[in-house]
Amino acid sequence: MQKNGCHITRKLNNLEAVFIDKHYQLVVECKQGSKKACYELYRLYSKAMLNIAFRVVGNIGDAEDVLQESFLHAFNKVNDFRQETTFGLWLKQIVVSRAINMLRKRKIEWAELEGSELENIPDEVAEDDEDTQYQAARVKEAIKELPEGYRVVISLYLLEGYDHEEIGQILNISENTSRTQFLRAKRKLVELLKRKESIA
């Protein structure tokens, strides 16, 4: 272990990815039962994890519930965390999973495309000028106004960095459904931003 944190190496598609976990030692102390270390981890990560939960569930009260459940689960299972990745990435997976479980209880309707419509879905959505005109803060505000199914997929894709295959697995939907939701959400987002611009 180095002074500035632990280097953790993992094989990814024949490439080596090196994670530097700044809080490796805190996790070790937390595993040893240190309440102070657990509190420090909560202090370091709670704000970022609350933001992730909020972007998924769209409601601050629900996001706070997700946050508390996620930390409880993480601290209860911390001895199972083998530190092959960073604590932050591990915790983020727990937060996203808990947030999605909460959404499942709301029974979100996912849009499915049929037959020939699927052929028109590109692998990646091309960037256009409209997408780059708006500041990130305005886009994030507009995302909050999207219908729930759209908001969840676009948040996971644009803000949390998941690809459509991963989103499909997380939400238990097909990859094409994820792409459909994303494309529709993107169109709706552009409409919302244009409307806000015309009012401003």
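Up top is the structure these notes are about.
Residues numbered from 1 in each chain as written. Predicted model: local features only at pLDDT ≥ 70, side-chain atom pairs only at ≥ 80, totals over all residues. Heavy atoms only, no water.

Below, the discussion takes up helix H8 (residues 164-171). Along H8, the residues classified as buried are His164, Ile167, Gly168 and Leu171. Projected onto a plane normal to the axis of H8, the buried residues spread over an arc of 100° and lie on a single side. In this structure, the buried side of H8 is in contact with helix H4 (87-105), helix H7 (148-159) and helix H9 (175-199). Looking one or two residues past H8, Asn172 carries a phi angle of roughly 60°, positive in sign. (Buried < 20%, exposed > 50% of the residue type's maximum accessible area, 1.4 Å probe, protein only. Helix = DSSP H or I, 4+ residues; strand = E, 2+ residues; numbered from the N terminus. Arc of directions from axis to C-beta. Contact = heavy atoms within 4.5 Å.)

Right, let's talk about the state of the cysteines for a bit. Overall, the coordinates contain 1 disulfide when judged by the stated rule. The side chain of Cys30 participates in a disulfide bridge whose partner is Cys38; the two sulfur atoms lie 2.4 Å from each other. The chirality of the disulfide connecting Cys30 with Cys38 is right-handed, given an S-S dihedral of about 85°. Look at Cys30 and you get buried, because its relative accessible area is 5%. (Disulfide = S-S within 2.5 Å.)

One non-glycine residue with positive phi stands out, namely Asn172, at about 60°. On the secondary structure map, Asn172 appears in the loop between H8 and H9. Asn172 sits in the exposed class, given a relative accessible area of 64%.

Our focus in this paragraph is the environment of Asn101. Mapped onto the secondary structure, Asn101 falls in helix H4. In this structure Asn101 comes out as partly exposed when scored by relative accessible area, which is 35%.

The next thing to look at is the packing of helix H2 (residues 35-57) against helix H3 (residues 60-76). Following both chains from N to C, one finds H2 and H3 inclined at 135°, their axes separated by 8 Å at the closest point. With respect to H3, the axis of H2 lies oblique. As for the relative orientation of H2 and H3, their crossing is right-handed in sense. On the side of H2, the interface is formed by Cys38, Leu41, Tyr42, Tyr45, Ser46, Met49, Leu50, Ala53, Phe54 and Val57, while H3 contributes Ile60, Asp62, Ala63, Glu64, Val66, Leu67, Gln68, Phe71 and Phe75. When its residues are assigned to classes, the contact of H2 with H3 shows 15 nonpolar, 2 polar and 2 charged. (Axes fitted to C-alpha atoms, helices over the stretch in contact; angles between N-to-C directions. Parallel < 35°, antiparallel > 145°, perpendicular 65-115°, else oblique. Left-handed = near helix turned anticlockwise from the far one by under 90°. Nonpolar A, V, L, I, M, F, W, Y, C, P; charged D, E, K, R; others polar.)

What follows deals with H4. For H4, with 19 residues, the first-to-last C-alpha span of 28 Å sits near the 27 Å given by 1.5 Å per residue. Looking at H4, one finds that the buried residues are Phe87, Gly88, Trp90, Leu91, Lys92, Ile94, Val95, Val96, Ala99, Ile100, Met102 and Leu103. (Expected span 1.5 Å × (residues − 1).)

Time to look at the pattern of salt bridges. Inspection of every chain in the model, using the stated rule, returns 8 salt bridges. Close ionic contact of Arg82 with Glu84 constitutes a salt bridge, the shortest N to O distance being 3.3 Å. The shortest N-O distance in the salt bridge between Glu160 and Lys92 comes to 3.6 Å. Within this pair, whereas Glu160 is found in the loop between H7 and H8, its partner Lys92 is found in helix H4, the two being separated by 68 residues in sequence. Its relative accessible area of 9% is what places Glu160 among the buried residues. For Lys92, a relative accessible area of 16% gives the class buried. Each of the salt bridges in this network shares a partner with another, and the network as a whole consists of Arg55, Lys92 and Glu160. (Salt bridge = Lys/Arg side-chain N within 4 Å of Asp/Glu carboxyl O.)

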